[in-house]
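Architecture and fold: a report
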Amino acid sequence: MHKLSKLMLAAAAFCLVAAPALADTLKVGVQAPITGSYANEGQGIENGVRLLAEQINAKGGVLGKKIEVIVCDDQGTAMAAAICAKDLVNQGVKMVIGSYTSTCAEAAQKTYFNAGVLQTSDGTADSLTAKGYWTFLRNSFPNSAEAEFAANYMVNVKKYKRIVVLSDFSTYADGLANATEAAIKKLGGNVVSRDKIKADSQNFTPVLTSIKAKNPDVIFFAGYYSDGGQIRSQQVALGIKADFIGGDANDNPDFVKLAGSAAKGAYIINVPSPDVLPYDIAKSFIADYQKKYGMMPASIWGLMNIDGMRAIIHAMEANKSFDTRKAADYLHNLKEPLPGITGPIAFAKDGNRKGGSYVVKMVKADGSYSYEYVK
Amino acid sequence: MDIFLQQLANGLTIGSMFALVALGYTMVYGVMRLINFAHGDMVAASAFVGLTIYTQVMGQATSLPAVIAIFLLSAVCMACIGIILERVAYRPLREAPRLSAVVSALGASLVIQNGIMLIWGPRMRIFPELVPQVYWDFGGVVISLIQVIILVLSLVLMVALYLFVEKTRIGAAIRASSIDQDAARLMGINVNRIIALIFIIGSSLGAVGGLFIGLYYRGITFNMGWQYGLYAFVAAIIGGIGNIPGAMLGGMLLGLFNAFIAGYVSSTWADAFTFILLIVILIVRPTGILGERVAEKV
């Protein structure tokens, strides 16, 4: 008994001495859905952050400090995200990587802003950068960038003369469709119809029949794969010869299964998947990732988050300071873009990532994709 | 004109699916004066059962006999589940106030819906392309093979059911039970057996409807039964609940109405107009289009 208390005393003393040494790390928070429906994406973010931290620490850390990774599971729900934000701030993190969904990133935004903690997320909702928080840096491209890409592809590359823009009523799909319609009109394209469907209603033939009467060259669908696959199949069944282009939420294996033999020839626009990234940093990071975890990164979204983290650390090193305000100012005023895993990184004043990297994929007869257009 | 004809073809296809499901509601109501709210979920369950039979029992065969076997096996499975449903959820409450039976029906609906979710998961499951995608173009109006199959098979089943109820001895027993159960019993009809038969017929027709939904739309979800159940219920009321030709007519009318509203007004408004139609029918002809005016028992 006596021995035990002595041991505890010694342990306590060690802690007191060691605490300042431990505190002398750069704390990086990860707020991601480690469990729940998006668990593979959340775990992809955590894996990537741990790998990058390991690589940086092996080279001596950031300005002499080692990186310490603190992970909080937001389960993909807004409530858990708000709790995570408080928890990570209390633990004294300087930056937070995540979350995967716009909803969770948005629920945590204000807490990080009030604490002056930098947050970088891949959420694509335009509302994330609409609040004017200097702490928020979007590491993916907003929906408006996809809209411009889609409009340019339809008007200038494929030279479609009669375009139909279709969406459901959700914030994401309606927003993407409206932005695309506006971008098409700006490029001088001709939108013959802007229609809406009710998501999950399965029977889209009435809407498609009235679309058929407008004799379009292409139907651009901004909604989700579960409706997109059925729309494609019913479009072909109605004998509408137009091309079909789906937005990024159609990029799901179930799209091809739902559309069945009608899937052939459908186009899908999305950010490039990890295996087609042409950059050297991307190739070496993905190779290291595969060596450490024995699998490919879950998707490009995890890599976008890694790019956000790399940018913030680069800013701190360039400023020779851990001051988050200075780092944000540095990133908002980059002279030229930083090289990134997912392409050049630069931020607009509102925290949006500049530019946009998208691909157009076409479904082949066997259900696999061929790349039609990469930019 | 092509658009009108195309919408007509679309409307008839979904209308015949509504009609098949509506028959299940109307037959149960006719004999038991009970709205079987679980029927829509039985339809959804049949699509999942059919999918499992295709993958597990048939070894993913897509030949015509295999497809027919899927239909038959699913109908048998759903008929068994229908009998169990009647035994467990409705028979113990036959003498209870009508409200208790309705609550029991709602409970059964939730049990089946959540059962599907537990067995097959919450994600959308995808039906294979069992019917080849073949189309015919009649001067702008395109009709697919699956539409023809759905329409013809539904009509055949409905005519067969009508003849069965009107022309056979068992059919006469069904009609007698629906008029007065006690009198029917006094005449030597085993009403329990008739009710079980009603559930067998209703559930098998629902199973065919569920498979049609799977084959036509390809994507099936555990909670889709509610949507189709509601439409079929409205169809049954429009035609006159308890009346078999009424359910067929109501289903067809509802499908056409829905297609034309969605095509000429807006798909957003299709549901709203459907229920406005229901209200109008209830005000103008409370017993439905083919329903007879019966004196309320006081």
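Please refer to the structure placed before this passage.
So, here is what we can say about the structure in this document. (Residues numbered from 1 in each chain as written. Chains lettered and ligands numbered in written order. Predicted model: local features only at pLDDT ≥ 70, side-chain atom pairs only at ≥ 80, totals over all residues. Heavy atoms only, no water.)

Considering all chains together, one arrives at 19 aromatic pairs over all chains under this definition. The interplanar angle of 20 degrees and the centroid separation of 5.2 Å between the aromatic rings of Phe 4 of chain B and Phe 260 of chain B together place this pair among those described as stacked. Taken together, the positions of Phe 4 of chain B in helix α1 (residues 2-32) and Phe 260 of chain B in helix α10 (residues 244-264) put the pair 256 residues apart, joining distant regions of the chain. One aromatic cluster in this structure is built from Phe 141, Phe 149, Tyr 153, Tyr 267, Tyr 358 and Tyr 373 of chain A. In this arrangement the basic side chain of Lys 361 of chain A is found over the ring face of Tyr 369 of chain A, its NZ or CZ atom lying 4.3 Å from the centre. (Phe/Tyr/Trp six-rings, centres within 6.5 Å; stacked < 30°, edge-to-face > 60°. Helix = DSSP H or I, 4+ residues; strand = E, 2+ residues; numbered from the N terminus. Lys NZ or Arg CZ within 6 Å of the ring centre and 35° of its normal.)

Residues and elements named next belong to chain A. Here we have 5 strands laid out as an open sheet, ordered β2-β1-β3-β4-β5, and parallel in their pairing. The open sheet has two free edges, formed respectively by β2 (66-73) and β5 (136-138), since each of these has just one partner strand. Averaged over all adjacent pairs, the angle separating strand axes in this sheet is 25 degrees, with direction ignored. One ladder, built from 3 bridges, connects strand β3 (residues 95-97) with strand β4 (residues 118-121); its direction is parallel. Among the inter-strand pairings, Met 95 is bridged to a residue of β4, identified as Leu 118. Sheet contacts for helix α2 (residues 39-58): β1 (25-32), β2 and β3; angle to β2, the most-contacted strand, approximately 170 degrees. Together, β1, β2 and β3 form the strand contacts of helix α3 (residues 78-90), whose direction differs from that of β2 by roughly 150 degrees. (Pairing = 2+ DSSP bridges. Axes fitted to C-alpha atoms, helices over the stretch in contact; angles between N-to-C directions. Contact = heavy atoms within 4.5 Å.)

What follows concerns the sheet that holds strand β6 (residues 163-167) of chain A. All names here are of chain A. The sheet built from 7 strands is open, its strands ordered β7-β6-β8-β9-β10-β11-β12 with mixed pairing. Across the chains shown, the open sheet's two edge strands, defined by having one partner strand only, are β7 (191-196) and β12 (369-374). Here the strands of the sheet are splayed against their neighbours by 25 degrees on average, with no regard to which way each runs. As paired elements, strand β11 (residues 359-363) and β12 share 5 bridges and run antiparallel to each other. Bridging across to β12, Val 363 finds its partner in Tyr 369.

Attention now moves to the interface of chain B and chain A. The interface of chain B with chain A comprises 26 residues on the first partner and 30 residues on the second. Each partner contributes to the roughly 2,200 Å² buried at the junction of chain B and chain A, and carbon and sulfur atoms together form 50% of this total. Where chain B touches chain A, the interface holds 1 salt bridge. At the junction of chain B with chain A, the criterion picks out 9 residue pairs in polar contact (both at pLDDT 80 or more). Per-element tally for the side of chain B that touches chain A: the top contributor is α1 of chain B, with 5 residues. Partitioning the side of chain B that touches chain A into residue classes produces 12 nonpolar, 10 polar and 4 charged. (Buried area = accessible area lost by both parts, 1.4 Å probe. Salt bridge = Lys/Arg side-chain N within 4 Å of Asp/Glu carboxyl O. Polar contact = N/O pair within 3.5 Å; in protein donor to acceptor, adjacent residues only side chain to side chain. Nonpolar A, V, L, I, M, F, W, Y, C, P; charged D, E, K, R; others polar.)

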